[in-house]
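Structural characterization, general
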Amino acid sequence: MRSKLIAGNWKMNGSLAANQDLLLSIEKALGAPACKVAVCVPALYLAQVQHLCASSALLWGAQDVSAQEIGAYTGEISATMLRDFGVRYVLVGHSERRQYHGETDDVVALKAQRALAAGITPIVCVGETLAQRESGKTAEVVKRQLAAVIHTNGHCISEIVVAYEPVWAIGTGKTATPEQAQEVHALLRAQLVAASTQAERIAILYGGSMNAANASSLLSQPDIDGGLIGGASLKAADFLSIVAAASH
Ligand code: PGA
């Protein structure tokens, strides 16, 4: 059976003081969770999170990684640098990176490759915009996004995590219904199964306005193996409720 993963995506939020409060509140209540729990934090705070979480069950991740290995790439952070700070996960291809930073499917695939080579699990984000959904293109878009990662990463593909995040549901308070999400997750699962004999172990997370109230119904779907949580990961109580919903 796949173990569930609840990953927070703090995005560009936080400060040394606020992070400390949030992390200590989460850790205090977390104990030994029945699922994997991680927070993906701004890169500058990885050292702080490493320091504060080293002896807890809380894992940590980054929100982006360079597609390059090393060298003259001003401002970039490599996968091996992330590894130095105990990073277990890295988000790649988040829709905000695709939209505001022009990340293409090929760049996302390379970033996943760099992460895997450094022993970090890439959480590969895919998802359609509202216009794409309304014009019946959801399946085509998410399959194209995932296909690039499968193509570049071949036999390592069973080491990734996938996150289905409909762009229209991110930060909007509009969540995909459990049935809508499951339909896309099943498509992604079928695509992974066709690519790898190990595909049943790949976790497919749902992201997009997941919160304490809707987490249980989403997480009870057969192909929803966890959540990528934005807004609700910034409040310890909300995040912990989602972790609890994933632990049944
Ligand atoms: P949200 O963000 O939970 O605030 O919708 C999810 C994400 O962008 O990963």
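Look a little higher up for the structure.
To keep things clear, this report deals only with the structure shown in the data block. Along every chain, residues carry numbers that run from 1 in the direction the sequence is written. The predicted origin of the model limits local features to residues at a pLDDT of at least 70 and limits the giving and counting of side-chain atom pairs to 80 or more, whereas totals for whole chains, interfaces and linings rest on all residues. By convention in this description, side-chain values take in all heavy atoms of the structure and omit both hydrogens and water.

Some remarks on the site of the ligand
This is how it is decided: In this text, near means that some heavy atom of the residue lies within 4 Å of the molecule or strand in question. Definition of a polar contact: a pair of N or O atoms within 3.5 Å, with one able to donate and the other able to accept a hydrogen when the atoms are protein atoms, and with sequence-neighbouring residues admitted only if both atoms are side-chain atoms. Classes in brief: Ala, Val, Leu, Ile, Met, Phe, Trp, Tyr, Cys and Pro nonpolar; Asp, Glu, Lys and Arg charged; the others, Gly included, polar.
Contacts to the ligand come from 13 residues, most closely from K11, H94, E165, G171 and S209. Side-chain polar atom of N9 to an oxygen atom of the ligand: 3.3 Å apart, as the coordinates give it. Separating an oxygen atom of the ligand from a side-chain N or O atom of H94 is a distance of 2.7 Å. Per-class residue counts for the shell around the ligand are four nonpolar, seven polar and two charged.

Section: helix α5 (residues 105–117)
Stated precisely, the cut-off is as follows: In this description a helix means any DSSP run of H or I spanning at least four residues, a strand means any run of E spanning at least two, and both kinds are numbered starting from the N terminus. A helix is expected to span 1.5 Å multiplied by its residue count minus one. Each residue's exposure class comes from its accessible area (1.4 Å probe, protein chains only) as a fraction of the maximum for that residue type: buried when under 20%, exposed when over 50%, partly exposed otherwise. To be clear, the arc concerns the directions from the helix axis to the C-beta atoms. The contact rule is simple, with two residues in contact once any of their heavy atoms fall within 4.5 Å.
A rise of 1.5 Å per residue sets the reference length of α5, with its 13 residues, at 18 Å; its end C-alpha atoms lie 18 Å apart and thus fit the reference within 8%. Among the residues making up α5, those that are buried are D105, V108, A109, K111, A112, A115 and L116. Down the axis of α5, the buried side of the element spans an arc of 160°, and every buried residue falls inside it. Residues of α5 that are exposed and angled more than 90 degrees away from the buried face: D106 and A117. Among the structural elements, α3 (79–84), β4 (89–92), α4 (95–100), β5 (121–126) and α7 (138–153) are those in contact with the buried residues of α5. Backbone geometry just after α5 places G119 at a positive phi near 80°.

Concerning the side chain of D105
Mapped onto the elements of the fold, D105 is located in helix α5. For D105, a relative accessible area of 16% translates into the label buried. With near-sequence residues (within four places) excluded, D105 lies in contact with R98, R144, Q145 and A148.

Concerning the pattern of salt bridges
Let me state the cut-off plainly: For this document, the term salt bridge refers to a Lys or Arg side-chain nitrogen within 4 Å of an Asp or Glu carboxyl oxygen.
Per the counting criterion, the structure on display carries 15 salt bridges. With its nearest N and O atoms 2.9 Å apart, the salt bridge here joins D223 to R189. You can see D223 sitting in the loop between α9 (215–219) and β8 (226–229) and its partner R189 sitting in helix α8 (residues 178–195), a full 34 residues away along the chain. Look at R189 and you get buried, because its relative accessible area is 5%. Linked through salt bridges whose partners overlap, the residues forming this network are R2, R189, E200, D223 and D225.

Concerning the sheet that holds strand β3 (residues 59–62)
Operational definition: DSSP calls a pair of strands paired once it identifies at least 2 bridges connecting them. Lines fitted to C-alpha atoms define the axes here, with helix axes fitted over just the stretch in contact, and angles between the N-to-C directions of these axes take values from 0 to 180 degrees.
Here we have eight strands rolled up into a closed barrel, ordered β1-β2-β3-β4-β5-β6-β7-β8, and parallel in their pairing. Averaged over all adjacent pairs, the angle separating strand axes in this sheet is 25°, with direction ignored. Across the sheet, α8 lies against β5, β6 (161–164) and β7 (204–207), angled at about 150° from β7, the strand it touches most.

A short note on the side chain of N214
Position of N214 among the secondary structure elements: in the loop between β7 and α9. At 3.1 Å, the side chain of N214 forms a polar contact with the side chain of T175. Here N211 takes part through its backbone nitrogen, which lies 2.8 Å from a polar atom of the side chain of N214. Excluding residues within four positions of it along the chain, N214 makes contact with T175 and S209.

Comments concerning the environment of G14
Mapped onto the elements of the fold, G14 is located in the loop between β1 (5–9) and α1 (16–30). Residue classification places G14 among the partly exposed residues on the basis of a relative accessible area of 46%. The sequence separation of G14 and L205 amounts to 191 residues, and the corresponding C-alpha distance is 24 Å. When near neighbours in sequence (up to four residues on either side) are disregarded, G14 contacts N19 and Y45.

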